[in-house]
Amino acid sequence: MAAENDAVSATDMAEAARRFGYQYTALSPDGPSATYAPPLFEGLVGLQSLPCGISLCASDLTSLQDSQHDGRVSRSLNIAVLLDGDPADCAFGSRDRLAINPGSAVMVSVADGMRLGARIRTGQRSRSLLIRTRPQDLMDDDVADRVEALLRSTAMLSLPITPATAQLARELFEPTAVGGIGRLLSESCALQFLARALIAGDAGKEESSGPVSKRDRAKILRIRDRLVAEPESDHSLSDLAREAGLSVSALKAKFPLVLGQPVFAFLRDARLQRARDGIAFEGWTISQAAYSVGYRHQSNFSSAFRRKFGIAPSEVRRL
């Protein structure tokens with residue numbers, strides 16, 4: 001998948017989306033994508049149709065101007081993975097919005113056609129994967145049946161990312177990830193994320209007896225935003241529950257249903273991702289990173305960092 005960085009125009013994005021199975025338009029303040037003269041992004045976009053029946057798009061893009069993006073997704077199972085960069089603010093359907101944070105993934109099952117929108121600001125960077133499949137494309141009949149079951153309704157669900165899967169995904173951007181090796185890496189990565197999606201989908205069906213209302217979902221998302229904005233703070237369940245207007249037990253039960261992780265597992269990952277970004281992009285030392293995200297002991301920080309990302313914090317500075 002690795003390639004040289006290049007300018008990416010609105011036309012390039014529309015063609016990539018068409019090949020991937022989406023309808024797409026980039027909008028400027030004055031009108032549709034045809035009004036864009038300069039490129040929208042700098043970076044790379046790689047597409048693969050894998051033998052197992054999964055399509056994979058890997059992109060590493062930096063926005064060169066403010067832009068608004070609008071598209072339509074047909075009936076399919078979609079997994080969006082934001083590996084590094086800035087949070088992505090996406091609109092699903094007519095009203096639902098979701099902020100995808102670095103180091104996180106979301107599964108979107110589309111039972112019928114659905115609108116997808118996003119706003120991107122100048123300088124915003126993201127390194128991401130987009131995985132798409134349909135039951136009729138899959139070679140394995142059992143997997144196809146599992147995907148078909150998920151497509152009975154349109155839904156969004158956060159997915160956990162293991163350190164091993166995150167590392168495998170990042171390898172797709174290495175210079176050696178081309179040719180046969182690149183195809184093997186891509187298929188392995190896509191299948192791991194699909195497996196996680198199917199497991200999470202089954203768990204969601206088991207918990208469907210207690211759905212989260214739109215009002216409570218909004219409360220949970222406000223708590224998520226606070227955790228991401230203040231990773232260094234000494235958060236407590238009682239304080240977070242009070243801020244959300246929920247009981248502690250309700251917060252503990254509903255937070256994983258919305259975000260796929262318990263409160264403090266989410267906070268730990270948010271802290272470590274913020275630390276990684278600080279080291280990689282802002283020149284933080286290891287001790288600065290540990291302190292800035294709420295770790296009192298650098299040794300504890302380094303151990304947690306290695307468990308999540310599979311590398312030591314010092315190795316990030318050399319990447």
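This text goes with the structure placed above it.
Residues numbered from 1 in each chain as written. Predicted model: local features only at pLDDT ≥ 70, side-chain atom pairs only at ≥ 80, totals over all residues. Heavy atoms only, no water.

### Notes on the pairing of strand β12 (residues 155–159)
Consecutive side chains of a regular strand alternate in pointing toward one face of the sheet and then the other.
And step 1. Burial analysis of β12 places 4 of its 5 residues in the buried class, which makes it a mostly covered element.
And step 2. Note: strand β9 (residues 104–110) against β12, 5 bridges, orientation antiparallel. For S109, the partnering residue across the bridge sits in β12 and is A155. (Buried < 20%, exposed > 50% of the residue type's maximum accessible area, 1.4 Å probe, protein only. Helix = DSSP H or I, 4+ residues; strand = E, 2+ residues; numbered from the N terminus. Pairing = 2+ DSSP bridges.)

### Remarks on the side chain of H235
And step 1. Turning to its location among the elements, H235 is positioned in the loop between α5 (214–229) and α6 (237–244).
And step 2. A polar contact of 2.8 Å, which involves the side chain of H235, links it to the backbone oxygen of E230.
And step 3. Those residues in contact with H235, other than ones at most four positions away along the chain, are R226, L227, E230, L240, F264 and L267. (Polar contact = N/O pair within 3.5 Å; in protein donor to acceptor, adjacent residues only side chain to side chain. Contact = heavy atoms within 4.5 Å.)

### Points about the pairing of β9
And step 1. Summarising burial for β9: 7 of the 7 residues are buried, a large majority.
And step 2. By the alternation rule, side chains of β9 split into S104, V106, V108 and V110 and A105, M107 and S109, which are all buried.

### Quick word on the side chain of E187
And step 1. For E187, the position within the fold is in helix α4 (residues 179–206).
And step 2. Of the polar contacts made by the side chain of E187, one reaches the backbone nitrogen of C52; its length is 3.0 Å.
And step 3. Apart from residues no more than four positions distant in its own chain, E187 is found in contact with L50, P51 and C52.

### Some remarks on the sheet that holds strand β11 (residues 125–133)
And step 1. Strand order in the open sheet made by the 7 strands is β1-β3-β4-β11-β6-β9-β12, with antiparallel pairing throughout. Every other strand in the sheet has two partners, leaving β1 (6–8) and β12 as the edge strands with one partner each. Across the sheet, the mean angle from the axis of one strand to that of its neighbour is 25°, orientation sign disregarded.
And step 2. Contacts from helix α3 (residues 163–171) reach β6 (76–85) and β11, with the element oriented near 85° to β6. (Axes fitted to C-alpha atoms, helices over the stretch in contact; angles between N-to-C directions.)

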